[in-house]
Amino acid sequence: MSAALLIDIILWGSVAAVGFIAFQRGPNILTASLREGSMDFVRIVPRIALGVIGSGYIAAVIPQEIITGWLGPNSGWLGVLTAVIAGAATPGGPVVGFSIGAVALKAGGGPPQVIAYVIAWALFAFQRLLLWEIPFMPARFVWFRAAVSLPFPFLAAAIAMAVGKP
């Protein structure tokens, strides 16, 4: 059995289990859950489409020499630092961050540098810190969390460099 098939079985099994739990709680809960899940699906599909198309556009616009020069496998720790800064500065949701990472890999970016980019984006996306986290949590806590998380992109890149290509 392949890993992809196993993951599919686990994911669809989880969906079936949650559906069964909603069914047990009553038909109103199941109906409301299906309606809300369908609306979430309808809202997210255009975002995914725009993110995939946008990342393709980014791949076409940014010359491959820039990506290989700044984030290439030979860029070393300077490339990792550049990737961390770029990840923190990248606005948008997961569709944008992961798509740009995939584009960078296809264009010749080094795996450690791209891993650092994606992890930095996930931890430090500056606009998310300002627009979402600080309004809902104390600013001191948010900046402390960001400071404590700072070594993680570098650690992940170091592990990727030590292991070789992931």
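Located above this text is the structure these notes cover.
Chemist: Explain the environment of Gly109 to me, using residue names and the numbers behind them.
Modeler: Checked against the element boundaries, Gly109 lands in the loop between helix H5 (94–106) and helix H6 (111–124). The exposure class of Gly109 is buried, given its relative accessible area of 7%. Taking the C-alpha atoms as reference points, Gly109 and Trp121, twelve residues apart in sequence, are found 16 Å from one another. Apart from the residues lying within four places of it in its own chain, the contact partners of Gly109 are Ile67, Leu71, Gly72, Pro73, Ala104 and Val114.

Chemist: For the pattern of salt bridges, give the residues involved together with the corresponding values.
Modeler: Side chains that differ in sign of charge can pair as their charged atoms come close. Taken as a whole, this structure holds three salt bridges when the rule is applied. Arg43 serves as the salt-bridge partner of Asp40, at 3.0 Å between the closest nitrogen and oxygen. Separated by three residues within a single helix, Asp40 and Arg43 lie in helix H2 (residues 27–61), roughly one turn from each other. Given a relative accessible area of 40%, Asp40 falls into the partly exposed group.

Chemist: How would you sum up the nonpolar core? Please name residues and give values.
Modeler: Residues Val80, Ala83, Val84, Ala116, Tyr117 and Phe124 are the most contacted members of the largest nonpolar core, which totals 17 residues. Elements with a contribution of two residues or more to this core: helix H3 (64–71), helix H4 (76–89), H5 and H6. Looking at this core, the element that brings in the most residues is H6, giving six residues. The contacts of Val80, once residues within four sequence positions are left out, are Gln113, Ala116, Phe154, Ala157 and Met161.

Chemist: Any chance you could break down a nonpolar patch on the surface for me, citing the residues and the numbers?
Modeler: On the surface, Phe126, Leu130, Leu131, Trp132, Phe136, Met137, Phe141 and Trp143 cluster together into a nonpolar patch covering about 890 Å² of accessible area. The biggest single contributor to the nonpolar patch is helix H7 (residues 126–136), with five residues. Position of Trp132 among the secondary structure elements: in helix H7. For Trp132, a relative accessible area of 54% gives the class exposed.

About the thresholds
Residues numbered from 1 in each chain as written. Predicted model: local features only at pLDDT ≥ 70, side-chain atom pairs only at ≥ 80, totals over all residues. Heavy atoms only, no water. Helix = DSSP H or I, 4+ residues; strand = E, 2+ residues; numbered from the N terminus. Buried < 20%, exposed > 50% of the residue type's maximum accessible area, 1.4 Å probe, protein only. Contact = heavy atoms within 4.5 Å. Salt bridge = Lys/Arg side-chain N within 4 Å of Asp/Glu carboxyl O. Core = buried A, V, L, I, M, F, W, Y, C linked by side-chain atoms within 4.5 Å. Patch = residues over 30% accessible without salt bridge, like charges linked within 9 Å, V, L, I, M, F, W, Y side chains within 5 Å. Areas by Shrake-Rupley, 256 points an atom, 1.4 Å probe, with all protein chains shown as cover.

By themselves, these are just geometric observations and shouldn't be taken as functional.
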